[in-house]
Amino acid sequence: MTLIPTQTELTARARADLRMGLPVVIEIDGVAGLVAAAETVTRARLGDLRGFGPLRLAITPRRAETLKARAYSDHVARVVVPDDVDVDWIVGLADPKDDLMKPMKGPLMTERGGDESVARAAIALAKSAMLLPAALVVIVEDGAAVAAQHGLTRVDLTDRPDDPPLTALREIVSARVPLEVSDAGRLHIFRPEDGGEEHYAVEIGRPDRSEPVLARLHSACFTGDLLGSLKCDCGPQLRAALAAMGENGTGVLLYLNQEGRGIGLANKMRAYSLQDQGFDTVEANHRLGFEDDERDFRIGSEILAQMGFSAVRLMTNNPAKVAMMEANGIRVAERVPLQVGRGAHNTDYLDTKAAKSGHLL
């Protein structure tokens, strides 16, 4: 029946469930586990999960390194959850905000060997839900029966590759929007089929599809773009890119909803709090359990291709964006530097981008 949800649709439902504190069932190659986000699990549901068997807290190797816990894997660390700890203990391991005030959080025992696929999938699901990358996991014998009995979402990821392809995008609508930089503005809305955030393309003028178009991939930055935050250079870059396109007469600015290098606004604010404790941008992301950059720039090349572009003059200081475009079928005829917005509040941030992320600043 066509009314039966697909695995993609069930995964979107599972993301929403985790955000609300509801456990889900993940099954891979016959191994099933009850999974709950460390950030949102309640005391009552923690008690319920314990009734199914031994609990493990899945965290990333980045977070495990901060906690001085052995990962035994390049992908995940599975921390043994003692029977006498409560939600505060779990959140304390997942969230680094109090690490400096409570540096001794162990000793922590971690599981070695055995199947780690459910734990890895649990972290990936938590990340996609823009939660802290930490999840409680308890392996169960019959995932389908547990899900049916308790009305939980069950996702079977057996055939899903470790590096899944880009989720299909489709343009929903476009409309003319006169802008300060150009009366000939048009906004295109693209929606991913997995229920994720929509992405936008701002088209200036009528760019010739047979020529390299002046383009920028701009990741959403609520604090910089809307509030005028001085902690980053995002707002000045956004306005400078649009102004250059207006002056050029044509251009395309892709506004990708990948806030905070892909970790979401809440986690970005957690990183800001860690920066106030003395950590730089990369160190803060690592302490949270994230990589330096969690964004997927393939989205940008896919949108450009759907709009009919095959070559760009890319406005960026990030060589990774150039490499991504080239690797995904969009020729970069020229890299156009966009060095604006340096000030007293973001000098360290920009220096870190140059030293640790390879930005040409």
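Counting restarts for each chain: residues are numbered from 1 in the order of the written sequence. Where local features are concerned, this predicted model is filtered to residues with pLDDT of at least 70; where side-chain atom pairs are given and counted, the filter is 80 or more; whole-chain, interface and lining totals use all residues. Each side-chain value is worked out from all heavy atoms of the structure, with water and hydrogens disregarded.

Peer 1: It is not clear to me how the overall build of the protein chain should be interpreted in this structure. Could you clarify?
Peer 2: A tally of regular secondary structure across the protein chain gives 14 helices and 13 strands. For the radius of gyration, the atoms used are the C-alpha atoms, and the globule rule reads 2.2 Å times the number of residues raised to 0.38. Taking 21 Å as the expected radius of gyration for a compact globule of 361 residues, we find that the protein chain reaches 22 Å, a close match to that expectation. By residue count, 48% of the 361 residues in the protein chain fall in the buried class. Should any heavy atoms of two residues lie within 4.5 Å, those residues are considered in contact. Long-range contacts, defined as pairs at least 24 residues apart, comprise 67% of the intrachain contacts of the protein chain with a sequence gap of at least 6. Only DSSP runs of H or I with at least four residues qualify as helices, and only runs of E with at least two residues qualify as strands; both kinds are numbered from the N terminus onward. Think of it in three bands: with a 1.4 Å probe and only protein chains considered, a residue is buried below 20% of the maximum accessible area for its type, exposed above 50%, and partly exposed in between.

Peer 1: Can you walk me through the side chain of T11 in this structure?
Peer 2: Position of T11 among the secondary structure elements: in helix α1 (residues 7–19). If we skip the residues at most four places from it in the chain, T11 touches L125, V155, L157 and R160.

Peer 1: Would you explain helix α13 (residues 319–327) in this entry?
Peer 2: Since the α-helix turns once every 3.6 residues, residues separated by three or four places project in the same direction. Among the residues making up α13, those that are buried are K321, V322, M324 and M325. Down the axis, α13 shows its buried residues gathered within 165° of arc, on one side only. In the core, the buried residues of α13 are packed alongside β10 (213–219), α12 (298–306), β12 (311–315) and β13 (331–336). Distance and chemistry together define a polar contact, namely a pair of N or O atoms within 3.5 Å, with one atom able to donate a hydrogen and the other to accept it when in protein, and with adjacent residues in sequence counting only for side-chain atoms on both sides. Its side-chain oxygen at 3.0 Å from the backbone nitrogen of A320, N318 defines the N-terminal cap of α13. The positive-phi residue at the C-terminal boundary of α13 is G329, with phi of around 90°. Taken from the helix axis, the directions to the C-beta atoms give the arc we talk about.

Peer 1: Help me out: how do you make sense of the nonpolar core in this one?
Peer 2: Across soluble globular proteins, you tend to see nonpolar side chains buried next to one another. Formed by 39 residues in total, the largest nonpolar core has its most connected members in L34, L49, L57, I59 and L136. Ignoring anything within four residues of it in the chain, the contact list for L136 reads L34, V35, A36, V41, L46, L49, R56, L57, V81 and I90. The definition of a nonpolar core used throughout is a set of buried Ala, Val, Leu, Ile, Met, Phe, Trp, Tyr and Cys residues joined through side-chain atoms within 4.5 Å.

Peer 1: Would you mind showing me how to read the sheet that holds strand β2 (residues 31–37) here?
Peer 2: Hydrogen bonds between backbone groups are what pair the strands of a sheet, and the pairing can be parallel or antiparallel. In short, DSSP must find at least two bridges between two strands for them to pair. Pairing within the open sheet is mixed, and its six strands lie in the order β4-β3-β5-β2-β1-β6. Strand pairing shows two members of the sheet lacking a second neighbour, β4 (77–80) and β6 (154–156), which therefore form its edges. Each strand of the sheet is rotated relative to its neighbour by a mean of 30°, with strand direction disregarded. With three bridges joining them, strand β1 (residues 24–28) and β6 adopt parallel strand pairing. For every element, the axis is a line fit to its C-alpha atoms; helices are fit only across the contacting stretch, and the angle between N-to-C directions ranges from 0 to 180 degrees.

Peer 1: Can you help me understand the environment of G21 in this one?
Peer 2: Tracing the chain through its elements places G21 in the loop between α1 and β1. What G21 contacts, discounting residues up to four positions off in sequence, is T40 and R45.

Peer 1: Would you explain the pairing of β2 in this entry?
Peer 2: It is a general feature of regular strands that their side chains alternate between the two faces of the sheet. By the criterion of burial, β2 is predominantly enclosed, with six of the seven residues buried. Alignment of β1 against β2, held across five bridges, turns out to be antiparallel. Bridging from a neighbouring strand, I26 pairs with G33 of β2. In this structure, the hairpin formed by β1 and β2 is closed by a connection of two residues, where D29 is found at a positive phi of approximately 50°. Bridge count between β2 and strand β5 (residues 134–140): six bridges; the pairing is antiparallel. Opposite L34, over in β5, you have V138 as the bridge partner.

Peer 1: I keep staring at the UniProt feature "binding site: Zn(2+)" (unreviewed entry) in the protein chain and nothing clicks. Help me out?
Peer 2: UniProt positions are given in the numbering used here, feature names are shortened, and annotations may be inferred rather than shown by experiment. Under the local residue numbering, the UniProt record ascribes the feature "binding site: Zn(2+)" (unreviewed entry) to C221, C232 and C234. Its place among the elements puts C232 in the loop between α7 (222–226) and α8 (234–248). With near-sequence residues (within four places) excluded, C232 lies in contact with C221, G224, N346 and Y349. Accessibility expressed as a relative area gives 15% for C234, which makes it buried. Those residues in contact with C234 that sit more than four places away from it in its chain are H218, C221 and D225.

Peer 1: So what exactly am I meant to see when it comes to the UniProt feature "domain: GTP cyclohydrolase II" (unreviewed entry) in the protein chain here?
Peer 2: The feature "domain: GTP cyclohydrolase II" (unreviewed entry), as annotated in UniProt, sits at residues 173–337 in this numbering. Annotated as residues 173–337, this span is 38% helix and 25% strand, and its ends, taken at the C-alpha atoms, are 31 Å apart.

Peer 1: Before we go on, may I ask you to explain the sheet that holds strand β9 (residues 199–204) in this structure?
Peer 2: Strand order in the open sheet made by the seven strands is β7-β8-β9-β11-β10-β12-β13, with mixed pairing throughout. The sheet is open, and its two edges are formed by β7 (169–176) and β13, each paired on a single side. Adjacent strand axes in the sheet meet at a mean angle of 25° when their direction is disregarded. Across the face of the sheet, α12 comes into contact with β7, β8 (185–192), β9, β10, β11 (251–256) and β12 while running at roughly 140° to β11.

Peer 1: Where do I start with the packing of helix α11 (residues 281–288) against helix α14 (residues 347–357) in this structure?
Peer 2: Two quantities define a packed helix pair, namely the angle between the helix axes and the distance between the axes. Where α11 meets α14, the axes come as close as 8 Å, and the angle between the chain directions of the two elements is 75°. As judged from the angle between their axes, α11 and α14 are roughly perpendicular. Between α11 and α14, the residues in contact are T281, V282 and E283 and Y349, T352, K356 and S357, respectively. Here the contact of α11 with α14 is composed, by residue class, of two nonpolar, three polar and two charged. In these notes the angle categories are as follows: under 35 degrees is roughly parallel, over 145 is roughly antiparallel, 65 to 115 is roughly perpendicular, and the rest is oblique. Ten residues, namely Ala, Val, Leu, Ile, Met, Phe, Trp, Tyr, Cys and Pro, are considered nonpolar, four, namely Asp, Glu, Lys and Arg, are considered charged, and the remaining ones, Gly among them, are considered polar.

Peer 1: Would you mind going over the pattern of salt bridges with me for this structure?
Peer 2: Two side chains of opposite charge can pair, provided their charged atoms sit close to one another. One speaks of a salt bridge when a side-chain nitrogen belonging to Lys or Arg is within 4 Å of a carboxyl oxygen belonging to Asp or Glu. Overall, the coordinates contain 19 salt bridges when judged by the stated rule. Ionic pairing is found between R62 and D292, a salt bridge with its closest N-O pair at 4.0 Å. Placement of the pair is R62 in helix α3 (residues 61–67) and D292 in the loop between α11 and α12, with a sequence separation of 230 residues. For D292, a relative accessible area of 21% gives the class partly exposed. Between E203 and R209 there is a salt bridge whose closest N-O contact spans 2.8 Å.

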